[in-house]
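Close look at the chain arrangement
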Amino acid sequence: MAVIHRTTLQPTKLELLTSWLPSRPWYRGAGEPRLAKAGGFRLDDPRGEVGIEFMVVTDASAARPATYLVPLTYRGAALDGADHALIGTMRHGVLGRRWVYDGCQDPVLVAQLFALTEGRVQAQDQNTSDTPDRDVTRSFTGDALTPADAVASVTDGRTRTELPARHGATLRLHRVLSPGQDGEALLPEGATGHVAGSWDLPDGTRARGLFAAVHAVS
C-alpha cells in the first residue's frame, strides 16, 4: 500500500495545476485559475514506485465554478518519452524531487484505472495510508479491459479524455464533473462499466457523479 507522508511540497500540487490547467482543451475558467481541493482518491502501483492520485479540484475563476477530475502520477525520475505530459516538478519533504505527470499519459495509472473499473483493485483514501475509499464505486460487464499499446492515442476533448483499450473499447474519463440527478451517478446509455465518486461543492455540500465510463467502439 502507498504511504501518505505528512510533509511539505514545493511548489504545491495546486500551484502546479494553476499553471497547467489553462492549457487543457477542457478548461473552462476565466484568467488564472482559483483552485481549491474538492476531493479525490488514490490507487496503488503494484511495484510501489509510482504515486497515483485522482484529484478533484474546483476553479472559481469564472462566474460559474467548474470542477475538474485531474489524474496525476508522481515519479522519482523522468518518464521516458513523456515530456509532453509533464506538469512540473516538485520538492517532496521526504522523497525529494518528484516529476508530476498528467496521469492519463502514464501507462501505470491507465493500467490501474482499468483494473479499478473491473474490480481487480480497490480505490484508496486520498489522505490516509492503507485505507480503502469505499465512497468510490464501480461496475463492469464484458471482456477484460487491456490498455492499448500506445498512450499516444489518448485524446483530450472538451469535457473528457478518451483512453483506448484493445478489442474495440474505450474508457472515457470525465474531466469536467457534474452531479448526478438526485445525488446518483447515472450510467450513460450504452456504457458497459463506470467509476463514480463524490466531491465537495463550494457551498460546503457534497455532490456525487460519474468519473469515468467504458464504451464499446462501434
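Structure: see above.
Residues numbered from 1 in each chain as written. Predicted model: local features only at pLDDT ≥ 70, side-chain atom pairs only at ≥ 80, totals over all residues. Heavy atoms only, no water.

For the protein chain, the count of helices and strands is two helices and twelve strands. Along the protein chain, helices (α) and strands (β) appear in the sequence β-α-β-β-β-β-β-α-β-β-β-β-β-β when read from the amino end. Compactness check: the protein chain gives a C-alpha radius of gyration of 16 Å against a globular reference of 17 Å for 218 residues, within 12% of the reference. Along the longest, intermediate and shortest principal axes, the C-alpha atoms of the protein chain span 45 × 40 × 30 Å. Residues counted as buried form 47% of the 218 residues belonging to the protein chain. (Helix = DSSP H or I, 4+ residues; strand = E, 2+ residues; numbered from the N terminus. Rg over C-alpha atoms; globule rule 2.2 N^0.38 Å. Buried < 20%, exposed > 50% of the residue type's maximum accessible area, 1.4 Å probe, protein only.)

Scanning the entire structure with this criterion turns up six aromatic pairs. A centroid spacing of 5.6 Å and a plane angle of 50° characterise the contact between tryptophan 26 and tyrosine 68, whose relative ring orientation is tilted. Residue tryptophan 26 is found in the loop between helix 1 (13–20) and strand 2 (35–43), and its partner tyrosine 68 is found in strand 4 (residues 66–75); the two are separated by 42 residues along the sequence. Residue classification places tryptophan 26 among the buried positions, given a relative accessible area of 0%. Relative to phenylalanine 54, the ring of phenylalanine 41 has its centre 4.6 Å away and its plane inclined at 5°; by these criteria the two rings are stacked. Pair noted here: phenylalanine 41 is in strand 2 and phenylalanine 54 is in strand 3 (residues 51–59), with a separation of 13 residues, a long-range link. (Phe/Tyr/Trp six-rings, centres within 6.5 Å; stacked < 30°, edge-to-face > 60°.)

Let's shift gears to the pairing of strand 3. Within strand 3, nine of the nine residues are buried, which leaves it mostly tucked inside the rest of the structure. Judged by which residues are buried, strand 3 turns out to be covered on both faces: Gly51, Glu53, Met55, Val57 and Asp59 on one side and Ile52, Phe54, Val56 and Thr58 on the other are all buried. Alignment of strand 2 against strand 3, held across eight bridges, turns out to be antiparallel. The partner of leucine 35 across the bridge, within strand 3, is aspartate 59. Across nine bridges, strand 3 lies against strand 4 in antiparallel orientation. Its bridge partner lying in strand 4, valine 56 is registered against leucine 69. Following strand 3, the chain reverses through six residues before pairing antiparallel with strand 4. (Pairing = 2+ DSSP bridges.)

With that out of the way, let us pick up the nonpolar core. Soluble globular proteins tend to pack their nonpolar side chains together in the buried interior. Core analysis: the largest hydrophobic core is formed by 31 residues, its most contacted members being Phe41, Phe54, Leu171, Leu173 and Phe211. Of all the elements in the fold, those that place two or more residues in this core are strand 2, strand 3, helix 2 (107–118), strand 10 (169–174), strand 11 (191–200) and strand 12 (206–216). For this core, the element with the highest residue contribution is helix 2, accounting for five residues. Look past the residues within four positions of phenylalanine 54 in its chain and what remains in contact with it is Gly39, Gly40, Phe41, Leu43, Leu69, Val70, Pro71, Leu109, Leu113, Gln126 and Leu173. (Core = buried A, V, L, I, M, F, W, Y, C linked by side-chain atoms within 4.5 Å. Contact = heavy atoms within 4.5 Å.)

Turning our eyes to something else, we now look at the pairing of strand 5 (residues 86–92). In the sheet, strand 1 (residues 9–10) pairs with strand 5 via two bridges, with the strands oriented antiparallel. When the sheet's bridge partners are listed, leucine 9 is paired in strand 5 with histidine 92. Where strand 5 meets strand 6 (residues 96–102), six bridges bridge the pair, whose relative direction is antiparallel. Its bridge partner lying in strand 6, threonine 89 is registered against tryptophan 99. In this antiparallel pair of consecutive strands, strand 5 and strand 6, the connection spans three residues.

Function-wise, these values are silent; they only describe arrangement.
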